[in-house]
Amino acid sequence: MSRPSQSRRLAPPSRSRFSLVFLVGNLVLVLLLGGGVGYSLHARGRLPDVRFGYVANHRQLLETGKQSELMPDLRTAALINFDDASAQLQLLSTASMLNDSKNIAVAIRGLLSHTPDDAELHAELAAVLLSRAALDEALLHSSYAVKLIPSSARLHSIHGAVMLAMGRNHEAVSVYREALRLDPGLKPAKQALAYPLRDY
């Protein structure tokens, strides 16, 4: 009769020790996290970055594996909003090597989330969307690119190509003429005005 009562007395202390260790462990974790956040706010004036290790892992995989097999993972990484845009750049680089216009567009959209007023990126995205026949979206980006840098003949030429693809020939002629005014030697504009816009 004394043995069962002793085992009952011994059980609660082991549970309380486990609870105490668990509580201390959680307290240490909270202190470490709080300290890290506090240090980041004090030292940099902002919350710490959250990194997932995608970019370094994929850079290593690119050296050892087939690039086409990595595209889904690179795309996932690019869809996460990294502060330094390295995931989008890695996706853009790999997709460009593979001539994968769908993922080039994903990468450029990601880069535009960091630099929304980059006229060159808007123009590049417009050109990629044009190749994919996504004309309405291409028009938005080519128009905005020209609005940002109206003195760029190349941007006018891309905008003209979008207009031409949409069948808006009179507007395309006007845009291409502006491109040639800015750069009289611009071949894409010359070729478009010679054919297929020679009758406009």
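Everything here concerns the structure above.
Here is a short report on the structure shown in this document. Predicted model only: the values in this text are computed from it and were never measured.

Quick word on the overall build of the chain
- Of regular secondary structure, the chain possesses ten helices and zero strands.
- The N-to-C order of helical and strand elements in the chain reads α-α-α-α-α-α-α-α-α-α.
- Counting over 200 residues, the chain shows a buried share of 32%.
- In the chain, once contacts between residues fewer than 6 apart in sequence are set aside, the share between residues at least 24 apart is 45%.
- By element, 59% of the accessible surface of the chain is carried by carbon and sulfur atoms, the whole surface being about 12700 Å².

Some remarks on the packing of helix 8 (residues 153-165) against helix 9 (residues 169-182)
- As a packed pair, helix 8 and helix 9 sit with axes 8 Å apart at the nearest point and diverge in direction by 165 degrees. If you check the angle between helix 8 and helix 9, you find them roughly antiparallel. When you trace helix 8 past helix 9, the crossing you get is left-handed. In this structure, helix 8 contributes Ala-153, His-156, Ser-157, His-159, Gly-160, Ala-161, Met-163 and Leu-164 to the contact, and helix 9 contributes Asn-169, Glu-171, Ala-172, Val-175, Tyr-176, Glu-178, Ala-179 and Leu-182.
- Along the lines of polarity and charge, the residues of the contact of helix 8 with helix 9 split into nine nonpolar, five polar and two charged.

Concerning the pattern of salt bridges
- Scanning all chains against the criterion turns up five salt bridges.
- Of the charged contacts, one joins Glu-137 and Arg-109 as a salt bridge, the two residues approaching to 3.1 Å between their closest N and O atoms. Within this pair, whereas Glu-137 is found in helix 7 (residues 135-148), its partner Arg-109 is found in helix 5 (residues 101-114), the two being separated by 28 residues in sequence.
- Its salt-bridge partner being Glu-120, residue Arg-154 comes within 2.2 Å of it at the nearest N-O pair. Taken together, the residues Arg-154 in helix 8 and Glu-120 in helix 6 (residues 119-131) connect sequence positions 34 residues apart.
- Residue classification places Arg-154 among the partly exposed residues on the basis of a relative accessible area of 33%.

Overview of the packing of helix 4 (residues 86-97) against helix 5
- Between helix 4 and helix 5, the shortest axis-to-axis distance is 8 Å and the interhelical angle comes to 155 degrees. Viewed along their axes, helix 4 and helix 5 adopt a mutual orientation that is roughly antiparallel. For the element pair helix 4 and helix 5, the recorded crossing hand is left-handed. In this structure, helix 4 contributes Gln-88, Leu-89, Leu-91, Leu-92, Ala-95 and Ser-96 to the contact, and helix 5 contributes Asn-103, Ile-104, Val-106, Ala-107, Ile-108, Gly-110, Leu-111 and His-114.
- Among the residues making up the contact of helix 4 with helix 5, the classes are represented as nine nonpolar, five polar and no charged.

Details of helix 7
- Between the first and last C-alpha of helix 7 there are 20 Å, a value that for 14 residues agrees with the 20 Å anticipated at 1.5 Å per step.
- Of all the positions in helix 7, only Ala-138, Leu-139, His-141, Ser-142, Ala-145 and Val-146 are classed as buried.
- On its buried face, helix 7 is in contact with helix 5, helix 6 and helix 8.

Things to note about the nonpolar core
- Among the nonpolar cores identified, the biggest contains 30 residues, and Leu-92, Ile-104, Ile-108, Leu-125, Tyr-176 and Leu-197 are the most heavily contacted of them.
- Only helix 4, helix 5, helix 6, helix 7, helix 8, helix 9 and helix 10 (187-194) provide two or more residues apiece to this core.
- Take this core: its biggest share by element is seven residues, from helix 5.
- With residues near it in sequence (within four places) discarded, Ile-108 still touches Leu-92, Leu-121, Glu-124, Leu-125 and Val-128.
- Ala-126, Ala-145, Val-146 and Leu-155 belong to the second largest nonpolar core, which has seven residues in total.

Overview of the side chain of Asn-169
- Relative to the helices and strands, Asn-169 resides in helix 9.
- A distance of 3.0 Å separates a polar atom in the side chain of Asn-169 from a polar atom in the side chain of Tyr-200.
- Not counting residues within four places of it along the chain, the set of residues in contact with Asn-169 comprises Leu-164, Leu-197 and Tyr-200.

About the thresholds
Residues numbered from 1 in each chain as written. Predicted model: local features only at pLDDT ≥ 70, side-chain atom pairs only at ≥ 80, totals over all residues. Heavy atoms only, no water. Helix = DSSP H or I, 4+ residues; strand = E, 2+ residues; numbered from the N terminus. Buried < 20%, exposed > 50% of the residue type's maximum accessible area, 1.4 Å probe, protein only. Contact = heavy atoms within 4.5 Å. Areas by Shrake-Rupley, 256 points an atom, 1.4 Å probe, with all protein chains shown as cover. Axes fitted to C-alpha atoms, helices over the stretch in contact; angles between N-to-C directions. Parallel < 35°, antiparallel > 145°, perpendicular 65-115°, else oblique. Left-handed = near helix turned anticlockwise from the far one by under 90°. Nonpolar A, V, L, I, M, F, W, Y, C, P; charged D, E, K, R; others polar. Salt bridge = Lys/Arg side-chain N within 4 Å of Asp/Glu carboxyl O. Expected span 1.5 Å × (residues − 1). Core = buried A, V, L, I, M, F, W, Y, C linked by side-chain atoms within 4.5 Å. Polar contact = N/O pair within 3.5 Å; in protein donor to acceptor, adjacent residues only side chain to side chain.

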